[in-house]
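# Remarks on the overall topology
So the chains spell out like this:
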Amino acid sequence: MNQPTHDELSSLEAELASLRPAQPPRALRTRIARSIEPQAAEPATGLAEWRPLAQAAAVVLTVATIAFSIEGGRSATPVVATTSKKEAPATTNEVSRLQPVESVQYVLSADNEGMVELPDGSFARLIRTRSVQHFELEDPTSRARLSYALPREDVLLVAVDAF
Amino acid sequence: MPDAAAQRWSTWYRDHGPALLLFARQITSCSADAEDLVQEAFTRTWRHLGEGALEDPKSLLFLNLRRAAVDHGRSVRSRRERETRWASDPSQTGGSLFEPVFPFVADERRRELEGHLASLPPEAREVLVLKIWGDLTFEEIGRTLEIPTQTAASRYRAALERLHRRLTAVESRPAHAHLSQPLPAAILRHHP
C-alpha cells in the first residue's frame, strides 16, 4: 500500500484539529473546586468574578444618588458616600428625574455547555453568556449624568434540529 | 479561596479541561473513571504549583493525569483489555468524544473520524490526542508518556499514517462491496 504523502497527512491533521473535544460535565468542575478548596462551594457560577464590578456599581450608584439629593446637584463641594443618618435618603421623585439616554451591552463570553434534552423530548444547545450592561441616565434640567454598569449572566437554549 | 486563585484554576479548566478529559478517555473506558482522573490531575497540579503559580501548567496537568492513572493501578494490560471492549462498544464511553459538527454531513465525517480513532491502539491514540488536542510538543509528550522524544514523534506519524490508511480504505471501497462477499456457511446450509 502506498505511503500517504506529507500533504495528505497535513490535511488529515488539520481535519482532526478542527474537531473540538466534548465539554466536560458541569458537575466535574464543581468536584474539582471542592477538591482544590473545600470552602469553594460553587465557583462554576463565576459570581466571584463579578463581585468587584458589582461593588463598584453599587458605590457609583450610592454616590450619584446622594449627589442628586443635594439641591439640584449644584453643590460645588465634593460629596462622599457615607452611612451617616444626616444624609437624606434619595426620594423616588429625585431619582425619577433621571431619564435613560443610553444602554449598551458588552458580551464578555459565550460558553457552549453542551446539549440538553427538553421536557418535550427535543434537544437544545445550552449557551451561557456573560455580559456587562452599561446604562447612562441624564437629568434633563441640570444635564447631570449617571453612568453605571451591571453584570449579567444569561442562559440561552438554542433549538437543535434532529435528523 | 481568594478570587485570583479561583480565577487561575478556572482558566486552566476552561483552556485544558476538554482535552484532559479526552486524554483520560483514551486511558480508561469508563467515563466516570475518566472524570476522576481529570479531577486528580487538577488536584495534584494545584498542590504542586500552589496559588502563586503564574505559568500555564498544561504539560504538568497531562503528566499528573497519566501518573494518577498509573497510581490507581490501571496497568497497561488491564487498560488494553478495557480498550478492546471500548473499541467494540463506544456506547460505554459516555457519549461522543467530540462536539457535534453542523451541518449533518460534516457530523457524519466527525463520527467516521471518531470511529477510526477509537479503533487505533491505545498508544497511537494517546500520542494523537496529546499532540493535536493537547497541543503538547513532542518533548512534552515524551515526558508525559515516559518515552524518548523521537519515539513520540515517530509514534505520532505512524498513528496518522494508520488513520489515513483506514480512512482511505473505507473511501475506496465500493458502496455495495459487502454483497460480493461469499455467504457464510451457516446461511448456505439453511438456504442452499
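Since we're looking at a predicted model, the values are computed, not measured.

What follows covers the overall build of chain B. The helix and strand inventory of chain B stands at nine helices and zero strands. N-terminal to C-terminal, the α/β element order of chain B is α-α-α-α-α-α-α-α-α. A burial count over chain B gives 45% of its 192 residues as buried. Contacts in chain B between residues far apart in sequence, at least 24 positions, make up 68% of those at least 6 positions apart. Accessible surface for chain B amounts to roughly 9700 Å². Of this, 54% is attributable to carbon and sulfur atoms.

Moving on, we come to the overall build of chain A. Regarding its fold elements, chain A presents four helices and three strands. Put simply, chain A runs from its N terminus to its C terminus through helices and strands in the order α-α-α-α-β-β-β. Evaluated residue by residue, chain A yields a buried proportion of 29% over its 163 residues. A fraction of 55% describes how many contacts in chain A between residues 6 or more apart in sequence connect residues 24 or more apart.

This brings us to helix H6 (residues 122–133) of chain B. Residues and elements named next belong to chain B. With twelve residues, H6 should cover 16 Å at 1.5 Å per step; its first-to-last C-alpha distance of 16 Å lies within 8% of that length. Burial of H6 is extensive: eleven of the twelve residues sit out of reach of the surface. Those residues of H6 lying buried are Pro122, Glu123, Ala124, Arg125, Glu126, Val127, Leu128, Val129, Leu130, Ile132 and Trp133. Asp135, located one to two residues past H6, shows a positive phi value of around 60 degrees.

In the contact formed by helix H2 (residues 26–36) of chain A and helix H2 (residues 31–49) of chain B, the axes pass within 9 Å of each other and the chain directions differ by 35 degrees. As H2 of chain A runs across H2 of chain B, the sense of the crossing is right-handed. The residues of H2 of chain B that touch H2 of chain A, namely those facing Leu28, Arg31, Ile32, Ser35 and Ile36 of chain A, are Glu35, Asp36, Val38, Gln39, Phe42, Thr43 and Trp46 of chain B. For the contact of H2 of chain A with H2 of chain B, the per-class residue count stands at six nonpolar, three polar and three charged.

With the rule as written, the count across this model stands at 22 salt bridges over all chains. Asp154 of chain A is the salt-bridge partner of Arg152 of chain A, the closest N and O atoms lying 3.0 Å from each other. Across the pair Asp71 of chain B and Arg44 of chain B runs a salt bridge, and its minimum N-O distance is 3.0 Å. Linking Asp71 of chain B in helix H3 (residues 58–71) with Arg44 of chain B in helix H2, this pair joins segments that are 27 residues apart in sequence. Looking at Asp71 of chain B, the relative accessible area reads 53%, which means it is exposed. Because the salt bridges share partners, they merge into one network encompassing Asp107, Glu108, Arg110, Arg111 and Glu114 of chain B.

Counting through the fold element by element, Pro57 of chain B comes out in the loop between H2 and H3. Residues Pro57 of chain B and Phe42 of chain B, spaced 15 residues apart in sequence, show a C-alpha to C-alpha distance of 9.8 Å.

How big an interface is tends to be stated in terms of accessible area lost as the parts join. Contacts between chain B and chain A engage 39 residues on the former and 34 residues on the latter. Around 3800 Å² of area is buried between chain B and chain A when both sides are counted, 67% of it from carbon and sulfur atoms. Interface area lost by chain B to chain A is led by Trp9, Tyr13 and Glu99 of chain B, which between them contribute 17%. For the pair chain B and chain A, the number of links is four salt bridges. Residue Glu35 of chain B is joined to Arg31 of chain A by a salt bridge in which the shortest nitrogen-to-oxygen separation is 3.5 Å. Across the chain B-chain A interface, the total number found is 13 residue pairs in polar contact (both at pLDDT 80 or more). At the level of secondary structure, the elements contributing two or more residues to the side of chain B that touches chain A comprise helix H1 (3–27), H2, helix H5 (104–118), H6 and helix H8 (149–172) of chain B.

Let's shift gears to the pairing of strand S2 (residues 123–138) of chain A. Residues and elements named next belong to chain A. Within S2, 13 of the 16 residues are buried, which leaves it mostly tucked inside the rest of the structure. The antiparallel pairing of strand S1 (residues 99–117) with S2 creates a hairpin that spans five residues between the two strands, and Gly121 there sits at a positive phi of about 90 degrees. The sheet contact formed by S2 and strand S3 (residues 145–160) spans 16 bridges and is antiparallel. By the bridge assignment, His134 is partnered in S3 with Ala149. The hairpin turn running from S2 into S3, its antiparallel successor, is six residues long, and Arg143 in that turn takes a positive phi close to 65 degrees.

A few words on the confidence of the model for chain A. Residues and elements named next belong to chain A. Averaged over every residue, the pLDDT of chain A is 71; the share at 70 or more is 61%. At the low end of the mean pLDDT range in chain A sits helix H3 (residues 47–69), at 52; at the high end sits helix H1 (residues 6–17), at 92. Across residues 39–48, confidence stays below pLDDT 50; counting only partners more than four residues off in sequence or on other chains, it has 18 contacts.

Criteria and cut-off values
Residues numbered from 1 in each chain as written. Chains lettered and ligands numbered in written order. Predicted model: local features only at pLDDT ≥ 70, side-chain atom pairs only at ≥ 80, totals over all residues. Heavy atoms only, no water. Helix = DSSP H or I, 4+ residues; strand = E, 2+ residues; numbered from the N terminus. Buried < 20%, exposed > 50% of the residue type's maximum accessible area, 1.4 Å probe, protein only. Contact = heavy atoms within 4.5 Å. Areas by Shrake-Rupley, 256 points an atom, 1.4 Å probe, with all protein chains shown as cover. Expected span 1.5 Å × (residues − 1). Axes fitted to C-alpha atoms, helices over the stretch in contact; angles between N-to-C directions. Left-handed = near helix turned anticlockwise from the far one by under 90°. Nonpolar A, V, L, I, M, F, W, Y, C, P; charged D, E, K, R; others polar. Salt bridge = Lys/Arg side-chain N within 4 Å of Asp/Glu carboxyl O. Buried area = accessible area lost by both parts, 1.4 Å probe. Polar contact = N/O pair within 3.5 Å; in protein donor to acceptor, adjacent residues only side chain to side chain. Pairing = 2+ DSSP bridges. pLDDT = per-residue confidence, 0-100.

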